[in-house]
Each structure stands twice: as structure tokens, then as C-alpha cells.
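A structural walkthrough
Chain residues, written in single-letter form:
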Amino acid sequence: MTLSFDPDSLSIPVGHFIGGRLVAADGVIEMHRPSDGHAYAGCPVADGNVVDEAVQVAKKALKNSNWGGLRPRERTRVLQRWADLIEEDAGTLARLEAVSSTRPVGHLVEGDIAVSAEQIRFFAEFADKEGSDLVPTDDASLGMVMSEPYGVVGAITPWNFPISMAAWKLGPALAAGNAVVIKPSEMTPFTTLRLAELAVRAGVPAGLVNVVLGDGPVTGNAITGHPDIAKVSFTGSTRAGAAIMENIARTGVKPMTLELGGKSPQLVFADADLDKAAAAIAGSILSNAGQACVAGSRLIVEEAIVEPLVAAIIDRMKAASAGPTWSAASQYSPIISERQRERIHSIVSAAVRAGGECLTGGAPMDAPGYFYEPTLIAGVGEDSPAVTEEIFGPVLTLQTFRDEDEALSLADHPVYGLASGLFTRDLSRALRLTRRLQAGTVWVNRYSRSRDHILPTGGYKRSGIGKDLGREAYHANRRTKSVLISL
């Protein structure tokens, strides 16, 4: 498959996907390609009426298709066909994703798209393997905990991994028997539209997957506040998650899953394999140019090994090969927008003014688009904005420790607790610290999810509520009913 392409020759779908078809709509939000800053398309904004239309279509499709009441294996077969079509359509999906997002096309076919197909297959298998429970009661009665779909689920996904995040939401919701109204980011909507089209081709009844494009204040609020949406799932910033909670509380009460921000530490002890640690740490901050909620952006190192570890990390940072996302040779991502790049640079500059030192990087790249240099900042205190704020860019801070207690004290962030990394050859230390780290995910001697879909992801503190991935995500899309029958 030839992956490199001409972005100006790409056909872009513009509109909402409602009731199994693309509904044309005018694009009112100007969209810019991160790789060169070129304005190339417009994103429409669905108002409350459009969202309501999508919700009513979803309700009708659920009723007419009896999707939640089918033999569960039928849902499994349809979703597996959908995963097959996603893999077959990888070339088109990769181009649509690369042109609008920060994801290099070379990372997409074997990475994001293949993983998304796997995730949908993973959740498809839950449909006929997870169900209701018969619970112990006295001999004169029968007790059951029944499990059933919510109905219409609202989902909102971010711009940093568009197709992956859509699969996280759509896979478990559909496998669990629900319909979905999903809003992708207004900066990266196109692969979600294509996923919905492929779902209908695979046999998902038209109207069960509806995609409404728009921004958070208008379209997002219309989704989270709609009375006929029974459950909300969101991935994005902590600030946006708080706004969603506020809107839900103001307009009604419904369950929600929120996977939010992070400021994740990576602890490296003197007994660690330094080559392995350097590769994992550099990879975690270079991947998608640090634009990931789990990015390991705080490096916390035992004093004895600072120099060799930092030198190895800097070598890898300097080797990052930047280029447009539509070139198969590109390995390093642009920042999503000029505004976000300016925010990154303002935080780096503030850290330097406060006494920090950029050991490498520290400035926008002299190149087309919105690229920023991979950056490592030493000499930062615990109150430095580079340490406290989620930068969402390729910026790594360096702090040192003398013992475990100091390492844990530095690792414990007052706001975030999404993920953490731990590098040591001492198994006892690994088990001991894994229990004490305040994070929803702890990686030991690695820093990546890989393809372990059975492991849920979600945070402590203000990093979120509930879980994505794993069987927890499937159960989060089902509600339970207690039944007691007298015999």
C-alpha cells in the first residue's frame, strides 16, 4: 500500500451522518492542516435541533431493529464484519485521519486503525459472554440481577487519536446493545464519519450510529443535556469534563464516563535498565508530540543515574524526524494548532524565566506547520507551570530524588492521577510502589498500552470517572435491574 499522498487531492466528507446517510451541512468552523497551516475545509456545527433529530432517529432505530434484544451472537457477527471493513478500508481511513490530525500516515495503518479494528472485535465478543446473574436467595424466592442496554448513549471524542477514541466509545456501546450519537472533535471529524458509513455497510442498522459535527459549547452541550440520552461518555480535558458534569447536573441526572487529563510521572531507579528506560521515556513524550492524556511528561530520576539517562533521552529526542503527516517518512507529529503551539511555548518560557534550563529544545521548529522541538527542562520546582500544568506537547521535565519516599512525594500530583511509569529491576520495589502510586494505570519497565484491550484505562483524582477499555467499558454501557420473585 502506498501511504504518502497529496493532501489537496483528497475528497473530504462534510456534513453529519444521521439515519445511515451523510446529511450535507455548511462548514462554519475553518479547519487548518497542522502540518502546513493551510486552511482546507470547514466543519459544520450541529445545533440543538440537529442533535435532537439524531437522538430521535437513534431511538426509532433501536425500537425498529430490536438491536438490544437480538440474539447477542448476532450483534457479535455484525461488529466483527465492521472490524473487517475497517481493515479493508485502512488506506482511505489513514488519509482522512492524517490530513486533519497530528497522526503521521505511516503510524496509522498498522497502528491506530489496526488497533481500532481489534478493539471492536474485542468488545463484540462480550455481547454473548457477559450477562445477568442468578443470585443466592432462600428456597422460596428467585433473585436475579438483570443487565440491559441504556438505550441512546452520547459520546464525545478528542482530536489527538480520532479513530482510536471513536472505537473506544462505539465498540462497547454497540456491543452492549445501545445506539450512539457521537460528536468527534471539530478539528478531526472525518474518520468518525467514515466509521459510521462502514458500520452501516457491515449490517449495523441505519440510525444506530449517528455522527453530529460541531463544537463543545453548542453541539456538546446539546448532547450532554439531552433528556433522551441516557448515558454520556467523554474523553478530553479535565476542564471540559467539569463543564460536562455541570451541564448534566443542570439539565438532569445521568451516568457518565469521563477520561480526562493527566500529568504523568516516570520514576527511574538506579538499578533500572537504562537503555530500556531511555527508549520508553523518550517514546512516551515523542509519540504524537506529547499530545496524549497519558504522556509521561514528568521524569523523576534517582540522583546517581541522572547524567547517563538524560544523555540517552536527549539523543533520542534529537533524532526525531519531523515532516508532514501525509508523508510515509514522517515520524514526528505537528502540534494540532497554532494556538496550542503558542500555549506550549508560553509554559516553557515561563519555566525558563523561573529558573528552569532547557537541556534540549525549547522553541517552535523552523518549518511549515505547527511543529515544536522535543524539549527537556531541568531545574524546575514543584510549583513550576511545566510541572503542574498539562502541557499537551513534547515537553519533559526533570526532577531528582534520593529515596523512595522522596520519589513518591514528587510523583504525587495534587490534581491528576491518570498514569505513571516505574523503572526498576527490583520486583519487591515494583510491587511496593505500584500500590502506593496514585494513578489509574501503572506501567513497569515500559510506558505504553500496546494492544492489551482487556486492561481498562481511567484515572484517579481529577483525571476521570469510570473506565474505558476492558470489560469495565462494556459493563459501563449496561445498566442493572434487581429482580426478586416469590415462588
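If you check an unreviewed UniProt entry, the protein appears there as Aldehyde dehydrogenase (NAD+) from Ciceribacter lividus. Its UniProt record gives the protein the following Sequence similarities (unreviewed entry) comment, quoted word for word: "Belongs to the aldehyde dehydrogenase family."

The helix and strand tally for the protein stands at 15 helices and 22 strands. Here the C-alpha radius of gyration of the protein, 23 Å, is about what a compact globule of 487 residues would show, namely 23 Å. Each of the three principal axes of the protein carries a C-alpha extent, and together these read 70 × 65 × 45 Å. Scored against the burial criterion, the 487 residues of the protein give a buried share of 56%. Restricting to contacts in the protein with at least 6 residues of sequence separation, those with at least 24 account for 74%. If you sum the accessible surface of the protein, you get close to 19,400 Å²; carbon and sulfur atoms cover 50% of it. Of note, the protein has its 47 positive side-chain charges centred 5 Å away from the centre of its 55 negative side-chain charges.

The next subject is the pairing of strand E7 (residues 152-156). In terms of burial, E7 is a largely internal element, five of the five residues being buried. Burial along E7 is two-sided: Val 152, Gly 154 and Ile 156 and Val 153 and Ala 155, pointing in opposite directions, are all buried. As judged from the five bridges shared by E7 and strand E8 (residues 179-183), these two strands associate in the parallel manner. Opposite Gly 154, over in E8, you have Val 181 as the bridge partner. Following the chain from E7 across helix H5 (residues 162-175) to the adjacent parallel E8, one finds a crossover that is right-handed. For E7 and strand E10 (residues 231-235), the ladder comprises four bridges, and the chain directions are parallel. Residue Ala 155 lies in a different strand from E10, and its bridge partner there is Ser 233.

So, about the UniProt feature "active site" (unreviewed entry) in the protein. As recorded in UniProt, the feature "active site" (unreviewed entry) lies at Glu 259. Its place among the elements puts Glu 259 in strand E11 (residues 256-259). By relative accessible area, which is 2% here, Glu 259 ends up buried. If near-sequence neighbours (up to four positions away) are discounted, Glu 259 is found in contact with Trp 168, Phe 234, Thr 235, Gly 236, Cys 293, Leu 418, Arg 449, Thr 457, Gly 458, Ser 463 and Asp 468.

Within this structure, the stated rule accounts for 30 salt bridges. A salt bridge links Asp 468 to Lys 169, with the nearest nitrogen and oxygen atoms 3.3 Å apart. Linking Asp 468 in the loop between strand E21 (464-465) and helix H15 (470-475) with Lys 169 in helix H5, this pair joins segments that are 299 residues apart in sequence. Here the salt bridges do not stand alone but share partners, grouping Arg 73, Glu 125, Asp 128 and Lys 129 into one network.

Here we take up the nonpolar core. Grouped together as the largest cluster of nonpolar side chains are 131 residues, with contacts concentrated most on Trp 82 and Val 268. When residues are assigned to domains, this core turns out to be shared by domain 1 (15-260) and domain 2 (265-444), each giving three or more. If we skip the residues at most four places from it in the chain, Trp 82 touches Ile 120, Leu 170, Leu 174, Leu 195, Leu 198, Ala 199 and Ala 202. Core analysis: the second largest hydrophobic core is formed by 12 residues, Leu 267, Ile 300, Phe 401 and Leu 422 among them.

Before going further, it helps to spend a moment on helix H6 (residues 190-202). Taking 1.5 Å per residue, 13 residues should reach 18 Å; H6 reaches 19 Å between its end C-alpha atoms and fits that length. The element H6 is extensively covered by neighbouring structure, given that 10 of its 13 residues are classed as buried. Regarding H6, the residues found buried are Phe 190, Thr 191, Thr 192, Leu 193, Arg 194, Leu 195, Ala 196, Leu 198, Ala 199 and Ala 202. Two residues or fewer past H6, Gly 203 is found with a positive phi of approximately 115°.

Quick look at the pairing of strand E19 (residues 441-444) now. Only one face of E19 is buried, namely the one carrying Thr 441 and Trp 443, since none of Val 442 and Val 444 on the opposite face is buried. In this sheet, E19 lies alongside strand E18 (residues 419-423) in parallel orientation, the contact comprising four bridges. Residue pairing across strands places Gly 421 opposite Trp 443, the latter belonging to E19. Assessed by its sense of winding, the connection that carries the chain from E18 through helix H14 (residues 427-436) to E19 is right-handed.

So, on to the sheet that holds strand E5 (residues 133-135). Strands sit in the order E5-E6-E22 across an open sheet of three strands; the sheet is antiparallel. The open sheet has two edge strands, E5 and strand E22 (478-486), and neither has a second partner. Averaged over all pairs of adjacent strands, the angle between strand axes in this sheet comes to 25°, irrespective of strand direction. With three bridges joining them, E5 and strand E6 (residues 141-149) adopt antiparallel strand pairing. Each bridged residue has a counterpart across the sheet, and for Asp 133 the counterpart in E6 is Val 145.

A few words now on the side chain of Ser 420. By the secondary structure assignment, Ser 420 is in strand E18. The contacts of Ser 420, once residues within four sequence positions are left out, are Ser 264, Pro 265, Leu 437, Ala 439, Thr 441, Val 442, Trp 443 and Tyr 447.

Here we come to a nonpolar patch on the surface. Nonpolar side chains collect at one region of the surface, where Leu 134, Leu 142, Ile 485 and Leu 487 lie side by side and expose about 390 Å² of accessible area between them. Counting through the fold element by element, Leu 487 comes out in the segment after E22. The class for Leu 487 is exposed, based on a relative accessible area of 71%.

What counts, and where the lines are drawn
Residues numbered from 1 in each chain as written. Predicted model: local features only at pLDDT ≥ 70, side-chain atom pairs only at ≥ 80, totals over all residues. Heavy atoms only, no water. UniProt positions renumbered as here; feature names shortened; annotations may be inferred. Helix = DSSP H or I, 4+ residues; strand = E, 2+ residues; numbered from the N terminus. Rg over C-alpha atoms; globule rule 2.2 N^0.38 Å. Buried < 20%, exposed > 50% of the residue type's maximum accessible area, 1.4 Å probe, protein only. Contact = heavy atoms within 4.5 Å. Areas by Shrake-Rupley, 256 points an atom, 1.4 Å probe, with all protein chains shown as cover. Lys, Arg positive; Asp, Glu negative; His and termini not counted. Charge placed at Lys NZ, Arg CZ, Asp CG, Glu CD. Pairing = 2+ DSSP bridges. Right-handed = clockwise from strand over helix to strand, strands pointing away. Salt bridge = Lys/Arg side-chain N within 4 Å of Asp/Glu carboxyl O. Core = buried A, V, L, I, M, F, W, Y, C linked by side-chain atoms within 4.5 Å. Domains from an automatic or database assignment. Expected span 1.5 Å × (residues − 1). Axes fitted to C-alpha atoms, helices over the stretch in contact; angles between N-to-C directions. Patch = residues over 30% accessible without salt bridge, like charges linked within 9 Å, V, L, I, M, F, W, Y side chains within 5 Å.

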